[in-house]
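# Residue-level structural notes
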Amino acid sequence: MSAETVPPLTADDLERAAQRDAAEEVILVDDQDRATGTAGKLEVHRLGQLHRAFSILVFNAQGELLLQRRADNKYHFATRWSNTCCGHPRPGESTAMAAERRLREEFGIRVSLTEHDEMVYRAEDQESDLIEHEHLHIFHGVYNGEPHPDPTEIGAWRWMAPNAIRRSIESHPSWFTPWFRLLVGRLLPG
């Protein structure tokens, strides 16, 4: 897959990203997505606790999806291709507001987002021994400009048609995050 790469990271960039991840808190939830407490993001992923999260799918006017290759320094599922943006609402922050915030932070773009679906999934990263166990809120949006990715989050990006995404996932499933493979099967037009 050809892609636009982002500038290499500096030592300061890596330190800033590690500090941000270590300080972030997420919202723990029950099986009905009711908040049950908060905990540190890294601890939650070590223990595989169910928590609230979101995934964003941003399309252009041609119906292509904006993909990102997760940065090399990501604490789990590094270097894997995924949907436009993922993240977690902070305690006291609505999921919709968090999704808009993370899209600005990761890709430097503002997009009107609409929630389309929810799902719960669990995935283990064999390389980091961390576990994603999320109640995922799925948002869609449309954007036709040039993104400005944060290199601590995104290693490369590209626009890709849904049928080409499906073929790539069938040929090389290990190139993609497990949640993105689920999202493609469930939500992308084919």
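Refer to the structure presented above.
Below is a short write-up of the structure. For every chain, the first residue of its written sequence is number 1, and the numbers climb from 1 along that sequence. Under the rules for a predicted model, residues below a pLDDT of 70 receive no local features and side-chain atom pairs below 80 are neither given nor counted, while totals for whole chains, interfaces and linings still include all residues. Values shown for side chains rest on all heavy atoms present in the structure; no hydrogens or waters enter the calculation.

Further remarks concern the packing of helix α4 (residues 162-171) against helix α5 (residues 178-187). Two numbers describe how α4 lies on α5: the axes approach to 11 Å, and their chain directions differ by 130 degrees. Taken as axis vectors, α4 and α5 run oblique relative to one another. Crossing of α4 over α5 shows left-handed handedness. Contacts from Ile165, Arg166 and Ile169 in α4 reach Phe180, Arg181 and Val184 in α5. Residues that form the contact of α4 with α5 fall into these classes: 4 nonpolar, no polar and 2 charged. All axes here are fitted lines through C-alpha atoms, helices being fitted over the stretch that makes contact, and every angle between N-to-C directions spans 0 to 180 degrees. Under the DSSP-based scheme used, a helix requires at least four consecutive residues in state H or I and a strand at least two consecutive residues in state E, with every element numbered from the N terminus. Angle categories are assigned with fixed cut-offs, so that under 35 degrees is roughly parallel, over 145 is roughly antiparallel, 65 to 115 is roughly perpendicular, and the rest are oblique. Handedness of a crossing is defined here by the sense of rotation of the near helix relative to the far one, left-handed for an anticlockwise turn of less than a right angle and right-handed for a clockwise turn. Contact criterion: two residues are considered in contact whenever any of their non-hydrogen atoms come within 4.5 Å of each other. Any residue that is not Ala, Val, Leu, Ile, Met, Phe, Trp, Tyr, Cys, Pro, Asp, Glu, Lys or Arg is counted as polar, Gly included; the first ten are nonpolar and the last four charged.

Below, the discussion takes up the pairing of strand β5 (residues 65-70). Burial runs high along β5: 6 of the 6 residues are buried. The two faces of β5 match: Leu65, Leu67 and Arg69 on one face and Leu66, Gln68 and Arg70 on the other face are all buried. Note: β5 against strand β10 (residues 154-160), 6 bridges, orientation antiparallel. The residue of β10 that forms the bridge with Leu65 is Met160. One bridge is not enough; two strands pair if DSSP finds at least two bridges between them. In this sheet, strand β6 (residues 81-82) lies alongside β5 in antiparallel orientation, the contact comprising 2 bridges. Bridged to Arg69 within β6 is Trp81. The buried label goes to any residue with under 20% of its type's maximum accessible area, the exposed label to any with over 50%, and the partly exposed label to all in between, with areas taken from a 1.4 Å probe on protein chains only.

Here we come to the pairing of β10. Every other side chain in a regular strand lies on the same face of the sheet, so the side chains alternate between the two faces. Among the 7 residues in β10, 7 count as buried, and that is most of the element. Sheet topology places strand β1 (residues 4-5) next to β10; 2 bridges connect them, and they run antiparallel. Note that in β10 the partner of Thr5 across the bridge is Ala156.

Lining residues are defined by having an atom within 4 Å of a point belonging to a cavity or pocket. Those points lie on a 1 Å grid over the protein atoms alone, cavities being sets where a 1.4 Å probe fits but cannot get out and pockets being open sets with protein on both sides within 12 Å along at least five of seven lines. Grid points are joined across faces, edges and corners, and a volume is the space filled by probe spheres set on the points. One pass over the full model with this rule turns up 1 cavity of 30 Å³ or more. The calculated volume of the largest cavity comes to roughly 240 Å³. Taken together, 26 residues line the largest cavity, and the ones lying closest to its centre are Arg70, Lys74, Cys86, Gly87 and His88. Going through the elements one at a time, α1 (11-23), β4 (51-59), β5, β7 (85-87), α3 (95-107) and β9 (130-142) are the ones with two or more residues in the lining of the largest cavity. Broken down by class, the residue content of the lining of the largest cavity amounts to 8 nonpolar, 7 polar and 11 charged.

By themselves, these observations are geometric and do not establish any function.
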